[in-house]
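Each chain, written out:
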Amino acid sequence: MRITVLASALLLALLAPAAAQLPQSAIEVCTGNNMPAEARVGHCTRAIASGKLNADDLVAAYLKRGIAHSEINELDRSIADFDQVIQLKPDDATAYYNRGNVYIRKRQYDRAIVDYDHAIQLKPDHTNAYNNRGNAYVARGQYDRAIADYNEVIRLKP
């Protein structure tokens, strides 16, 4: 009986580090781009659900899962993940930028413009946000505003 208890304790001691490492390996896979979006969603979901991620990794997991959801046309889920990033880290220009991209795909141009505004406010040299905000202005027929944004892209990246 004593051997069984020792064997059980040894097994638990060996398995505990593996279980503790699962979220880290899940976050590494989640934040990589070398696998299908569906698989990244699964890995990110497991990493988030583990409750063991530090604040930066949690933000990264939501951000990458939001991008993966967008890639497989799960746009509302994508927006929800970007909302989580913004709640956890309100100064994350990338979350606003990516959520704006999803709003563009949903043809919600006013919401996209607001998000691109936030991204630009947080990162004034965010050329992609200027470009995509210009695209949203074009979709709304506001060509002068679009030209101003495109000119800013050219100024920032001649």
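Residue positions within a chain follow its written sequence, with the count starting from 1. For a predicted model such as this one, the threshold for reporting local features is a pLDDT of at least 70, and the threshold for listing and counting side-chain atom pairs is 80 or more; totals across whole chains, interfaces and linings nevertheless cover every residue. Excluding hydrogens and water, the side-chain values take into account all heavy atoms of the structure.

1. Considering the packing of aromatic side chains
Inference 1: Between the rings of Phe, Tyr and Trp (Trp by its six-membered ring), a pair exists once the centres lie within 6.5 Å; its type follows the angle of the planes, with under 30 degrees stacked, over 60 edge-to-face, and the other angles tilted. Applying the stated rule across the entire model yields one aromatic pair.
Inference 2: Aromatic side chains Tyr97 and Tyr116 sit 6.0 Å apart centroid to centroid with 50 degrees between the ring planes, which places their arrangement in the tilted category. Here the residue Tyr97 occupies a position in helix α5 (residues 93-105), and Tyr116 occupies one in helix α6 (residues 109-122), the gap between them amounting to 19 residues.
Inference 3: A relative accessible area of 15% places Tyr97 in the buried class.
Inference 4: Throughout this description, buried means an accessible area under 20% of the type-specific maximum (1.4 Å probe, protein chains only), exposed means over 50%, and partly exposed covers the range between. For Tyr116, a relative accessible area of 0% puts it in the buried group. Think of it this way: any DSSP run of H or I at least four residues long counts as a helix, any run of E at least two long counts as a strand, and we number them from the N terminus.

2. Structural notes on the packing of helix α3 (residues 55-71) against α5
Inference 1: The angle between two axes is taken between their N-to-C directions and runs from 0 to 180 degrees, where each axis is a line fitted to C-alpha atoms and a helix contributes only its stretch in contact. Contact pair α3 / α5: the axes reach a minimum separation of 11 Å and the direction vectors enclose 15 degrees. Compared by their axis directions, α3 and α5 come out roughly parallel. In the crossing of α3 with α5, the sense of the turn from one axis to the other is left-handed. For the pair α3 and α5, contact is made by Leu63, Ile67 and Ser70 and by Thr94, Ala95, Asn98, Val102 and Arg105, respectively. The labels follow the angle: roughly parallel below 35 degrees, roughly antiparallel above 145, roughly perpendicular from 65 to 115, and oblique for the rest. Crossing chirality is assigned from the near helix's rotation relative to the far helix, an anticlockwise turn below a right angle marking it left-handed and a clockwise turn marking it right-handed. Contacts are assigned to residue pairs that have any heavy atoms within 4.5 Å of one another.

3. Digging into the confidence of the model for the chain
Inference 1: Per-residue pLDDT for the chain has a mean of 86; in total, 83% of the residues score no lower than 70.
Inference 2: By definition, pLDDT measures how confident the predictor is in each residue, and it falls between 0 and 100. Low pLDDT, under 50, characterises residues 1-23; the stretch is placed with six contacts to residues that sit more than four places away or in other chains.

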